[in-house]
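# A closer look at the structure
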Amino acid sequence: MAGTSTSERGAWNSKLGFILAAAGSAVGLGNIWGFPTKVATEGGAAYLIVYLICTFLIGFPVMVAELAIGRKSGKNPVGAFKALSSNKFFPLVGLWGVICGVMILSFYTVIAGWAFGFAFEEIFYYLGWQEAADLLTDTGNGWKNAIIASAFMFGTIKIITGGISDGIERATKFMMPLLIGIIVIMIGYVLTQPGASEGVREYLLPDFSKINADLIFSAMGQAFFSLSLGMGALITYGSYLNKKENIPQAAAFVTLADVGIAFLAGLLIIPAMYVAKNAGIEIFVGDQLASSTDLVFQILPALFHTIGGAVGLILGVVFFLLLSIAALTSTISLLEVPVSFVIDEFEVKRKKAAWSVGLGVLAISIVVSFYPALIGHFDNIFNNLGLPIGGLLTCIFVAFVWKTDSAITEMEFGFAGIRQTLFSKVWPVFIYVVCPLAILYNIVTNFL
Ligand code: PFF
């Protein structure tokens, strides 16, 4: 196996830097686009509750496991499984993670490109440049999609070539607080508008009869995607983590940041939909709420246009920039997984690895740009199915191959008294039993 030393690989400069970078990975289109639209279309507050349960009971323990694997091995997902056992199967799990990362990134950049394009659409609309605005709203325009997705990919590659602390950490340290500030200001505005309270009720008052197997599967997939689990992103980020840091605590911060921002995004978007309804914009198709793409890429722009004037312009531009920033901190981590794999396993320098992997993924993104119908298929295979499978096999690895006790020994660095805590008794039960069974049950029921 190629040996890249830790100093060459880079490391996080500070605990806050790591938490913001990992939270930046977690917080993305999944929180601001995916979560609110799933809440709106799949069960309102009932969905929110199931999602929170999946996040804390299944996602959080798996996140701790991924970070421990990453830090102990100091390697990318493939190298990590190789380093921690001689079992020949598990490096393939890491490789599956790398493949999922590449494929998710290939369509993620296209959607991120839509969001980025809409920020300009709002400006062109305001200026009365209707043709240019229409071009940017056309999510089926292959050339337009390909150009903006390429710009997004170049931005991501540029940050990754800067390395861990000077590139990823510095960029996310700046972007994450900005993102939270923007969401809070927008919520303040939307909640004071007529119609918002109907949305708040829909979001926060649960109707438990809506809970069924489909809803649970969807919420679990959403939790995995949103927390960036199941494809080794947090193994990779964990590999740059200092031995002084407390892994369960860091994972708790990242989980809370992710859930917190998803919750805030829901509090922004669901009421905004009802404000739009109040303003006469169609938010239902038949008796169903508009689906995800329509919701964020049609209803919200329509709302911004209805508000009109400088306020409509500012809200529109700021919202879509927010979505783009959140997406960028996630594409960074999606690209870092295959890049770290190439750096470690083939002893390639960071810059060369970032450009070659980035351009390779961009080639797939360009195909997706011209055939956006591929997004749904890729999403089903690599996200809805791929990530839970990755999470399941990670639990099996930690439980039966590496052993939870070795993971706890790793966690003693940065958390000296861990063996005296309830966490050290309960976490293994989740890794042995609760998480694998819950994930397996979900995969099987969905498959059937
Ligand atoms: N967590 C990101 C989101 O919610 O948009 C998506 C993501 C990033 C998934 C990184 C997986 C990953 F490794």
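Computed from a predicted model, the values in this text were never measured in an experiment.

Around the ligand sit 15 residues in total, of which Ala26, Gly30, Tyr108, Phe225 and Ser228 are the nearest. Here Gly30 contributes a backbone N or O atom positioned 2.8 Å from an oxygen atom of the ligand. Note that a nitrogen atom of the ligand is positioned 3.1 Å from one of the backbone N or O atoms of Ser226. Contact with the protein chains removes 100% of the 340 Å² of surface that the ligand exposes when unbound. Broken down by secondary-structure element, the contributors of at least two residues to the shell around the ligand are α2 (15–26), α3 (29–42), α11 (213–226) and α15 (309–346). Along the lines of polarity and charge, the residues of the shell around the ligand split into 7 nonpolar, 8 polar and no charged.

What follows is about the confidence of the model for the chain. Regions with low pLDDT should not have their predicted coordinates read in detail. For the chain, per-residue confidence averages 91 on the pLDDT scale, and 96% of positions sit at 70 or higher. The lowest-confidence element of the chain is helix α1 (residues 6–9), averaging 56 in pLDDT; the highest-confidence one is helix α18 (residues 404–412), averaging 98. For residues 1–7, every residue scores under 50 in pLDDT, and the model assigns this stretch 14 contacts once sequence neighbours within four places are set aside.

Below, the discussion takes up α3. Residue pairs three or four apart in sequence face the same way in an α-helix, which turns once every 3.6 residues. Where α3 bends most, the angle comes to about 30°, and this point is Phe35, followed within four residues by the proline Pro36. Of all the 14 residues making up α3, 11 are buried; the element is thus mostly covered by neighbouring parts of the structure. Where α3 terminates, the next one or two residues include Gly43, which has phi positive at roughly 135°.

Attention shifts here to the nonpolar core. Ile32, Phe297, Phe319, Phe320, Leu323 and Trp427 are the most contacted members of the largest nonpolar core, which totals 155 residues. When residues no more than four places from it in sequence are discounted, the contact partners of Trp427 are Pro61, Val64, Ala65, Val398, Thr404, Ala407, Ile408 and Met411.

Here the focus is the pattern of salt bridges. Tallying each qualifying case throughout the model produces 8 salt bridges. A salt bridge links Lys82 to Glu345; the nearest nitrogen and oxygen atoms lie 2.9 Å apart. Pair noted here: Lys82 is in helix α5 (residues 77–84) and Glu345 is in helix α15, with a separation of 263 residues, a long-range link. Residue Lys82 is classed as partly exposed on the basis of its relative accessible area of 36%. One continuous salt-bridge network, built from bridges that share partners, spans Arg71, Lys243 and Glu410.

Of note in this structure, Glu347 is not a glycine but carries a positive phi near 50°. Structurally, Glu347 is set in the loop between α15 and α16 (350–370). Residue Glu347 is classed as exposed on the basis of its relative accessible area of 56%. Phi is positive for Lys403, which is not a glycine, with a value near 85°. With respect to the secondary-structure elements, Lys403 resides in the loop between α17 (374–402) and α18. For Lys403, a relative accessible area of 40% puts it in the partly exposed group.

Taking 1.5 Å per residue, 38 residues should reach 56 Å; α15 reaches 54 Å between its end C-alpha atoms and fits that length. Bending of α15 peaks at approximately 30° at the position of Glu336, with proline Pro338 no more than four residues after it. Two residues or fewer after α15 comes Glu347, characterised by a positive phi angle close to 50°.

This paragraph deals with the packing of α16 against α17. Pairs of packed helices are described in terms of their axes, by the angle between the two and the distance that separates them. Running from amino to carboxyl end, α16 crosses α17 at an angle of 130°, the nearest separation of the two axes being 8 Å. Classed by the angle they form, the pair α16 and α17 counts as oblique. On the side of α16, the interface is formed by Ile364, Val367 and Val368, while α17 contributes Leu374, Ile375 and Phe378.

Here is what the cut-offs are and how they apply
Sequence order as written defines residue numbering, which begins from 1 separately in each chain. Only residues with pLDDT of 70 or above have their local features reported here, since the model is predicted, and side-chain atom pairs are shown and tallied only from 80 upward, although totals for entire chains, interfaces and linings are computed over all residues. The side-chain quantities take in all heavy atoms of the structure and omit both hydrogens and water. The cutoff for a nearby residue is simple: one of its non-hydrogen atoms must lie within 4 Å of the molecule or strand. Under the rule applied, a polar contact is a pair of N or O atoms within 3.5 Å (in protein, one hydrogen donor and one hydrogen acceptor; residues adjacent in sequence only if both atoms are side-chain atoms). Here the Shrake-Rupley method, with its probe set to 1.4 Å, supplies the accessible areas, and only the displayed protein chains count as covering residues. Here a helix means four or more residues in a row that DSSP labels H or I, a strand means two or more in a row labelled E, and each is numbered from the N terminus. Under the scheme applied here, ten amino acids are nonpolar (Ala, Val, Leu, Ile, Met, Phe, Trp, Tyr, Cys and Pro), four are charged (Asp, Glu, Lys and Arg), and all others, including Gly, are polar. Every residue carries a pLDDT, the predictor's confidence in it, which falls somewhere between 0 and 100. In this analysis, two residues are considered to be in contact whenever any of their non-hydrogen atoms come within 4.5 Å of each other. In this analysis the local bend is the angle between axes fitted, respectively, to the seven residues ending at and the seven residues starting at the residue. The buried label applies to any residue whose accessible area, calculated with a 1.4 Å probe on protein chains only, is under 20% of its type's maximum; exposed applies above 50%, and partly exposed to all values in between. Residues belong to one nonpolar core when they are buried, are Ala, Val, Leu, Ile, Met, Phe, Trp, Tyr or Cys, and are joined through side-chain atoms within 4.5 Å. Here, a salt bridge means any side-chain nitrogen of Lys or Arg that lies within 4 Å of a carboxyl oxygen of Asp or Glu. Here the expected length of a helix is defined as 1.5 Å per residue gap, with one fewer gap than residues. Here an angle of 0 to 180 degrees is reported between the N-to-C directions of two axes, which are lines fitted to C-alpha atoms, with helices fitted over the stretch in contact. In what follows, roughly perpendicular refers to angles from 65 to 115 degrees, roughly parallel to angles under 35, roughly antiparallel to angles over 145, and oblique to any angle outside these ranges.

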